[in-house]
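# Results of the structural survey
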Amino acid sequence: MKRTASERDGGGRRETGLSAYVGSAISIITNDGRHILGTLKGFDQVQNLVIEGSRERVYSPDEGVETLELGLYLMRGDCIAVVGELDEEADAEIDLPSLKAHPIGDVLH
Amino acid sequence: MLFYSFFKTLTGKEVTVELKNDLAITGILHSVDQYLNIKLNEIKVVDEAKHPHLLAVKNCFIRGSVVRYIQLPQDAVDTDLLHDATRREARNAA
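Residues numbered from 1 in each chain as written. Chains lettered and ligands numbered in written order. Predicted model: local features only at pLDDT ≥ 70, side-chain atom pairs only at ≥ 80, totals over all residues. Heavy atoms only, no water.

## Re the overall build of chain B
Within chain B, the secondary structure is distributed over 2 helices and 5 strands. Written out in order from the N terminus, the α and β elements of chain B read α-β-β-β-β-β-α. Along the three orthogonal principal directions, the C-alpha set of chain B runs to about 45 × 25 × 20 Å. Within chain B, the proportion of its 94 residues that are buried is 50%. Summarising the internal contacts of chain B: among those between residues at least 6 apart in sequence, 46% fall at separations of at least 24. (Helix = DSSP H or I, 4+ residues; strand = E, 2+ residues; numbered from the N terminus. Buried < 20%, exposed > 50% of the residue type's maximum accessible area, 1.4 Å probe, protein only. Contact = heavy atoms within 4.5 Å.)

Pasting the structure below:
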């Protein structure tokens, strides 16, 4: 069974970096409010990310979620807000076509 | 470095991180680094009905640059000690 990132870095020093997420499915929220999912292939010290098989989920209040296939992406670290480890089983249970929500707002510094 | 050390003492505690995009995420503080990047476990978005985007996410990394506030558990903070430490640091910087 695949171990989750929290189990992998459970022992030893508590690491704040993204190394525990490499190879895992991740869910990213960008500073302009976009929601991008994919597999983390690499990262650096300013959180520039390489995402394989990335796709964007577009949220709207009156239609279900639309998914756009994007492919291989390199994202610049300073436009990234949150990187979450995606639980793919829980994600598969979300009924996207009927999920209506406002998009996340922009990051205002 | 003072607040980095301070946040390190709060690992394992439940905190709520409010971001500059008005998203608020509650979770167990796993770790922080020198940029105050934060890792949370067992996360829950505060208004999940309004922001269902992280429903399938259990733990996450939050970039320090997008954090607006961190709500702390009152009983985990020794405010007098922190008060003294900030004054000492301000005096040393002057």
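## Looking at the pattern of salt bridges
Pairing between side chains of opposite charge can happen when their charged atoms approach one another. Counted by the stated rule, this structure contains 9 salt bridges over all chains. A salt bridge links Arg 76 of chain A to Asp 78 of chain A, with the shortest nitrogen-to-oxygen separation between them at 3.1 Å. Between Glu 48 of chain B and Lys 44 of chain B there is a salt bridge, with its nearest N and O atoms 3.9 Å apart. The network of salt bridges with common partners includes Glu 18, Asp 22 and Arg 68 of chain B. (Salt bridge = Lys/Arg side-chain N within 4 Å of Asp/Glu carboxyl O.)

## Describing the interface of chain B and chain A
Each partner contributes residues to the interface: chain B has 30 residues there, and chain A has 39 residues. Counting the surface chain B buries against chain A, the share from its top three residues, His 53, Phe 61 and Arg 63 of chain B, is 26%. Summed over the shared surface of chain B and chain A, the result is 1 salt bridge. Residues Lys 58 of chain B and Asp 87 of chain A are paired through a salt bridge, measuring 4.0 Å at the closest nitrogen-oxygen approach. Between chain B and chain A we count 16 residue pairs in polar contact (both at pLDDT 80 or more) in total. Those elements that place two or more of their residues in the side of chain B that touches chain A are β2 (24–32), β3 (38–45) and β4 (57–62) of chain B. (Buried area = accessible area lost by both parts, 1.4 Å probe. Polar contact = N/O pair within 3.5 Å; in protein donor to acceptor, adjacent residues only side chain to side chain.)

## Considering the sheet that holds strand β4 (residues 66–75) of chain A
Spatially, β4(A)-β3(A)-β2(A)-β1(A)-β5(A)-β4(B)-β3(B)-β2(B)-β1(B)-β5(B) is the arrangement adopted by the 10 strands of the open sheet, whose pairing is antiparallel. Only two strands of the sheet have a single neighbouring strand rather than two, namely β4 of chain A together with β5 (67–71) of chain B. On average, adjacent strands in this sheet sit at an angle of 35° to one another, irrespective of strand direction. Inspection of the sheet shows strand β1 (residues 14–19) of chain B paired to β2 of chain B by 5 bridges, in the antiparallel sense. (Pairing = 2+ DSSP bridges. Axes fitted to C-alpha atoms, helices over the stretch in contact; angles between N-to-C directions.)

## Things to note about the confidence of the model for chain B
For chain B, the average pLDDT comes to 96, and 100% of its residues sit at 70 or higher. The complex model carries a pTM of 0.93, and its ipTM stands at 0.94. (pLDDT = per-residue confidence, 0-100.)

## Points about the side chain of Lys 20 of chain B
By secondary structure assignment, the location of Lys 20 of chain B is in the loop between β1 and β2. Buried charged residue Lys 20 of chain B carries no salt bridge. Nearest counter-charge: Glu 18 of chain B, at 11 Å. Not counting residues within four places of it along the chain, the set of residues in contact with Lys 20 of chain B comprises Asp 106, Val 107, Leu 108 and His 109 of chain A together with Ser 65, Val 66, Val 67 and Arg 68 of chain B. (Lys, Arg positive; Asp, Glu negative; His and termini not counted.)

## Looking at helix α2 (residues 79–93) of chain B
Compared with an ideal rise of 1.5 Å per residue, which puts 15 residues at 21 Å, α2 of chain B spans 21 Å between its outermost C-alpha atoms and is within 8% of the ideal. For α2 of chain B, the capping residue at the N-terminal end is Asp 78 of chain B, with a side-chain oxygen 3.3 Å from the backbone nitrogen of Asp 80 of chain B. (Expected span 1.5 Å × (residues − 1).)

## Brief notes about the packing of aromatic side chains
One pass over the structure, following the stated rule, counts 2 aromatic pairs over all chains. Taking 6.1 Å as the distance between ring centres and 80° as the angle between the ring planes, the aromatic pair formed by Phe 3 of chain B and Phe 6 of chain B counts as edge-to-face. Within this pair, Phe 3 of chain B and its partner Phe 6 of chain B are both found in helix α1 (residues 2–8), separated by 3 residues, close to a single helical turn. Phe 6 of chain B gets classed as buried once you look at its relative accessible area, which sits at 11%. One aromatic cluster is present, formed by Phe 3, Phe 6 and Phe 7 of chain B through successive ring pairs. The lysine or arginine in question, Lys 39 of chain B, covers the ring of Tyr 21 of chain A, its NZ or CZ lying 4.9 Å from the ring centre. (Phe/Tyr/Trp six-rings, centres within 6.5 Å; stacked < 30°, edge-to-face > 60°. Lys NZ or Arg CZ within 6 Å of the ring centre and 35° of its normal.)

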